[in-house]
Structures are given as C-alpha cells and as structure tokens.
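Below, each chain spelled out in residue letters.
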Amino acid sequence: MRAEEEKAHLKVIQVDETQLKKDLSELVRGSVEETLNALLDEEADKLCKASRYERSPDRVATRAGSYNRNFETKAGKVKLKVPKLRTIPFESAIIDRYKRRESSVEEALMEMYLAGVSVRRVEDITESLWGTKVSPSTISKLNQKVFVQIDEWRIRPLTDEYPYVYLDGLYLKKSWGGEVRNVAILVAIGVNSEGYREVLGSMEGAREDKESWQAFLKHLKDRGLRGVNLIISDKCLGLVESIPYFFPESKWQRCIVHFYRNVFGKAPRSSFKVISQMLKAIHSQENKEEALKKASSVTERLTEMKLKEAAKVISDGIEETLSYMDFPSEHWRKIRTNNPLERIIKEIKRRTKVVGAFPDGKSALMLATARLRHVASTKWGTKK
C-alpha cells in the first residue's frame, strides 16, 4: 500500500511539473504577444505623428481599425493586431523583419535539403534553430519552388564549345503502382574551350537504352552543344550506337577503368595483379602504334597463360580505349577514364540514398539535378 501511495504521489508531482511548464510557456507567449502588439501600436503612432485619439496639428493619418495576423516566434504562435491607417500605408519594421526571417528560413531549408540533409534531420534542425518544427509537406512545397529554378538551369542554352564530353547514367528507385521500379538518370559533363569543367545536363530515361540516349543527345544538341571532339563513357551499346547520329565528327573513348573490369571478369582473381600490370603497360606507351604493339604481345602472353577469354576481350576492344592518344598528351590522364563523372554520380547516390524510393521519375530527376547544380557551384567548376 505504501508503494502505491508513493507512485501516486510521484504521478501528482509529474502532472504538476507538466502543468507548470505549460503555464510558464503560456505566460512567455502571452508576454511576447503583448510586447509585439505594443510595438505595432507605437509604430502606428509614429507614422500618424500622433497617438490614438490625440488631437494634434501635426497628425498626418488616423486609425482605421486593425487586422489579425499569426506570427511564429520561439515562444510559440502569437496573434498580431496589425494597425490599418486611413490615408497612408502601414509599413511595419517588425513585419518586414518577419518577412526577411521567413525568406531566410525558406532559403536555409531548401539549401539544407538540396545539400544532402534528410527531411527528418531538417525537421530536427529547424526545431533547434527556430523553435518550430517544419513538416515534410512544408519542405516539399518549398522544394517545388526551387525545382522550377533547377529545371530552368537544367535546360539552359549551352553557348560555349566543349571539346571533351563525359556521359554516364545511374539508376534510382521510384514507386509505381505499388511496386518499386528503376528509373535511369542520364548525366553529361563537359570541358569548355577554356579547360574548365561544366555540368551540361541531365535527363530521365526509362533505362540506359538506345532510345533514351538518343533523346538525351538530341536534348543536348538542341540546347547548343557543339565543338565536341571526344566523348568519354563506358561501353553502353545504346550510347555508342547513338553518338554518330548527333556528333558524327566526334571520336569515342571507352573508359579504361571499365575496360579493365571487363578483362578481370574473364580471369581468375589470382591473376588480377599480373593482368593489371600488363594493361597499364599498354596505356603507358608513348603513342597509339606502340600501344597496339604492346596489346598484341599482352594477348599472346595471356593466351599462353590459358586465359583466352581475357585475351579476346583485349584484342576486340583495346583500340576503343586508345582514342585519347589522338589528343594532347597533357590531357591523357584526364580523358582516358570516366572518373570525373563517376565521382559526381557517387555524390548523387549519396544524396538520394536518404530518400529511398521516389514518388515518380520527375522528382528523382529534380533532386539529382539539384545535386549536380550544387556540385557545379563549388570549387569543382573552378579547376581546369
């Protein structure tokens, strides 16, 4: 019985503490509301050059009632009674500050979301900073505003020439009819005539097939992509077959990293180190002729090692990996792999991982493009 009495007593104390906190919170909120309304009245008096009901020859306006407006503060939501004046507009410094705060909050929310902060984390941060938790639906509405700007950036005209263009795609998840399906996001970056990197564009595709790549390349060309001398990518057949339709004068460079992986896929793991050294020896030659000679000797050596399939991959595809040798040697290390774009795609995947499955392909494209724009605005775009 005594234990039950102690529990009941503790429960009463906890209820009292909770009620006390509520009372204190309401007291603070009420004080803030009263103070802000008093400041609004004082502002109205200054604008009128006379207080309420005061007869003064200097008066320039009279009161015309007021209207209510909700105002978010760290103490909670308060009701402002905003004065109305008959002959002049009432411009409040408090309301202006509120608008600026509201705008800065919106910008901060969008920046946090686009920079990779999950919605749940954004909620926690806003509660800590501003005293109010922003709902996921509010964040979604704010992002619709920024997505308009993101899409304008995505389809902007391309006015420069881009000698080197990198192409690749990634798969994200979208919900469709109660199922989770893949959606392909195709991405292009380029090196402009001054040697600086730029994000050229992105587009949603059903998958990385010929039809999707043709639509993407047409999209880029229609926006003004020109001066393309070399296109770097992995050996996606749909892409390779589409390039001549839109950029017939351009050469194609097969990413040597992806090529190495294809060779490794035809050999036992125990031979990877030896094969890697052989492949690197091919791509360290001083010109294409010497590289092809070296490739021939490598295929012979692999055949002797009874690695005929690996040797066949090299003999069939090695020339596709040597296009970069037709360009200035100081560019070779940067244009023989698709690594510059692969790094960006990793950033997109890191950001989209917190989302899981998107409601549709459009939202997946917009968030991926937002991440591309964020990367483009960093030091990434200032390095040659």
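Residues numbered from 1 in each chain as written. Predicted model: local features only at pLDDT ≥ 70, side-chain atom pairs only at ≥ 80, totals over all residues. Heavy atoms only, no water.

A.B. asks: What is the right way to look at the overall build of the protein in this model?
C.D. replies: On a plain count of helices and strands, the protein comes out with 13 helices and eight strands. Within the protein, buried positions represent 42% of all 384 residues. Within the protein, contacts between residues at least 6 apart in sequence are counted, and of these 62% link residues at least 24 apart. Summed over all atoms, the accessible surface of the protein reaches about 22,400 Å², with 51% contributed by carbon and sulfur. (Helix = DSSP H or I, 4+ residues; strand = E, 2+ residues; numbered from the N terminus. Buried < 20%, exposed > 50% of the residue type's maximum accessible area, 1.4 Å probe, protein only. Contact = heavy atoms within 4.5 Å. Areas by Shrake-Rupley, 256 points an atom, 1.4 Å probe, with all protein chains shown as cover.)

A.B. asks: Which parts of the structure should I look at to understand the environment of Ser202?
C.D. replies: Tracing the chain through its elements places Ser202 in strand β5 (residues 197-205). For Ser202, a relative accessible area of 1% puts it in the buried group. Between the C-alpha atoms of Ser202 and Ile155, which are 47 residues apart in sequence, the distance is 8.7 Å. Sequence-distant contacts of Ser202, that is, excluding residues within four places in its chain, are made with Arg154, Leu186, Val187, Phe216, His219, Leu365, Thr369 and Leu372. Polar contacts involving the side chain of Ser202 include one to the side chain of Thr369, which spans 2.8 Å. (Polar contact = N/O pair within 3.5 Å; in protein donor to acceptor, adjacent residues only side chain to side chain.)

A.B. asks: Any chance you could explain the layout of surface pockets here in plain terms?
C.D. replies: To find leftover empty space, one rolls a probe the size of a water molecule over the atoms. Space inside the largest pocket adds up to approximately 560 Å³. Tyr166, His331, Arg333, Lys334 and Ile335 are, among the 21 residues lining the largest pocket, the residues nearest its centre. Mapped by element, the contributors of at least two residues to the lining of the largest pocket are β3 (164-176), α7 (256-264), α11 (332-335) and α12 (339-352). Here the lining of the largest pocket is built from residues that sort into eight nonpolar, six polar and seven charged. (1 Å grid on protein atoms, 1.4 Å probe; cavity = no way out; pocket = protein on both sides within 12 Å on 5 of 7 lines; lining within 4 Å. Points joined across faces, edges and corners; volume = space filled by probe spheres on them. Nonpolar A, V, L, I, M, F, W, Y, C, P; charged D, E, K, R; others polar.)

A.B. asks: Looking at this structure, I do not really get the pairing of strand β4 (residues 179-191). What am I missing?
C.D. replies: The side chains of a regular strand alternate, first on one face of the sheet and then on the other. Judged from the eight bridges that link them, β4 and β5 form a sheet pairing that is antiparallel. Within the sheet, the bridge partner assigned to Val191 lies in β5 and is Arg197. The antiparallel pairing of β4 with β5 creates a hairpin that spans five residues between the two strands, and Gly195 there sits at a positive phi of about 95 degrees. (Pairing = 2+ DSSP bridges.)

A.B. asks: What should I look at first to understand the pairing of strand β6 (residues 230-233) in this one?
C.D. replies: In β6, alternate side chains face the same way, and those of Leu230 and Ile232 on one face and Ile231 and Ser233 on the other are all buried. In the classification by handedness, the crossover that spans β6, the intervening helix α6 (residues 237-246) and the parallel strand β7 (residues 251-254) is right-handed. (Right-handed = clockwise from strand over helix to strand, strands pointing away.)

A.B. asks: Can you walk me through the packing of aromatic side chains in this structure?
C.D. replies: By convention here, two paired aromatic rings are described through the distance between centres and the angle between planes. Per the stated rule, a full pass over the model turns up four aromatic pairs. Each ring, one from Trp213 and one from Phe216, has its centre 6.0 Å from the other, and the planes form 50 degrees; the classification is tilted. Here Trp213 pairs with Phe216, and both are found in helix α5 (residues 210-222), just three residues apart, close to one helical turn. We note that Trp213, like Phe216, is buried. Ring geometry for Tyr324 against Trp332: centres 5.5 Å apart, planes inclined by 85 degrees, an arrangement best described as edge-to-face. (Phe/Tyr/Trp six-rings, centres within 6.5 Å; stacked < 30°, edge-to-face > 60°.)

A.B. asks: Looking at this model, I keep getting lost on the environment of Leu167. Mind explaining?
C.D. replies: Its place among the elements puts Leu167 in strand β3. Sequence-distant contacts of Leu167, defined by excluding residues within four places in its chain, comprise Val187, Ala188, Trp213, Phe216, Leu217, Leu220, Ile231, Ile232, Ser233, Leu239, Asn338 and Leu341.

A.B. asks: It is not clear to me how the pattern of salt bridges should be interpreted in this structure. Could you clarify?
C.D. replies: Opposite charge on two side chains lets them pair, provided their charged atoms get close. Across all of its chains, the model carries 17 salt bridges by this definition. The shortest N-O distance in the salt bridge between Arg254 and Glu320 comes to 3.0 Å. Here Arg254 is found in strand β7, whereas its partner Glu320 is found in the loop between α10 (308-317) and α11, with 66 residues between them in sequence. With a relative accessible area of 7%, Arg254 lands in the buried category. Residue classification places Glu320 among the partly exposed positions, given a relative accessible area of 21%. (Salt bridge = Lys/Arg side-chain N within 4 Å of Asp/Glu carboxyl O.)

A.B. asks: Just checking my understanding: could you explain the packing of α12 against helix α13 (residues 361-376) for this structure?
C.D. replies: Describing two packed helices takes the angle between their axes plus the distance from one axis to the other. Close contact between α12 and α13 brings their axes to 9 Å; oriented N to C, the two are set at 125 degrees. Here α13 runs oblique to α12, going by the angle between their axes. Crossing handedness for the pair α12 and α13: right-handed. Judged by residue contacts, Ile344, Glu347, Ile348, Arg350, Arg351 and Thr352 of α12 engage Leu367, Ala368, Arg371, Leu372 and Val375 from α13. When its residues are assigned to classes, the contact of α12 with α13 shows six nonpolar, one polar and four charged. (Axes fitted to C-alpha atoms, helices over the stretch in contact; angles between N-to-C directions. Parallel < 35°, antiparallel > 145°, perpendicular 65-115°, else oblique. Left-handed = near helix turned anticlockwise from the far one by under 90°.)

A.B. asks: I'm lost on helix α9 (residues 288-304) in this one. Help?
C.D. replies: Owing to its 3.6 residues per turn, the α-helix brings residues three or four apart onto one side. A rise of 1.5 Å per residue sets the reference length of α9, with its 17 residues, at 24 Å; its end C-alpha atoms lie 24 Å apart and thus fit the reference within 8%. Turning to α9, its buried residues number three or more, namely Lys288, Ala291, Ala295, Val298, Thr299 and Leu302. Take α9 and look down its axis: the buried residues cluster within an arc of 100 degrees, on one side only. Seen from the buried face of α9, the exposed residues on the opposite side, beyond 90 degrees, are Glu289, Lys293 and Glu304. Looking at the buried positions of α9, the neighbouring elements they touch are α8 (272-282) and α10. Residue Lys306 follows α9 closely and has a positive phi angle near 65 degrees. (Expected span 1.5 Å × (residues − 1). Arc of directions from axis to C-beta.)

A.B. asks: When you look at unusual backbone geometry in this model, what are you seeing that I'm missing?
C.D. replies: A negative phi angle is the norm for most residues apart from glycine, just as the trans form is the norm for most peptide bonds. For Lys49, which is not a glycine, the phi torsion comes out positive at approximately 60 degrees. Tracing the sequence through the fold places Lys49 in the loop between α1 (2-48) and β1 (63-73). In this structure Lys49 comes out as exposed when scored by relative accessible area, which is 55%. Of note, the phi angle at Lys306 is positive, near 65 degrees, even though the residue is not glycine. For Lys306, the position within the fold is in the loop between α9 and α10. The class for Lys306 is exposed, based on a relative accessible area of 74%.

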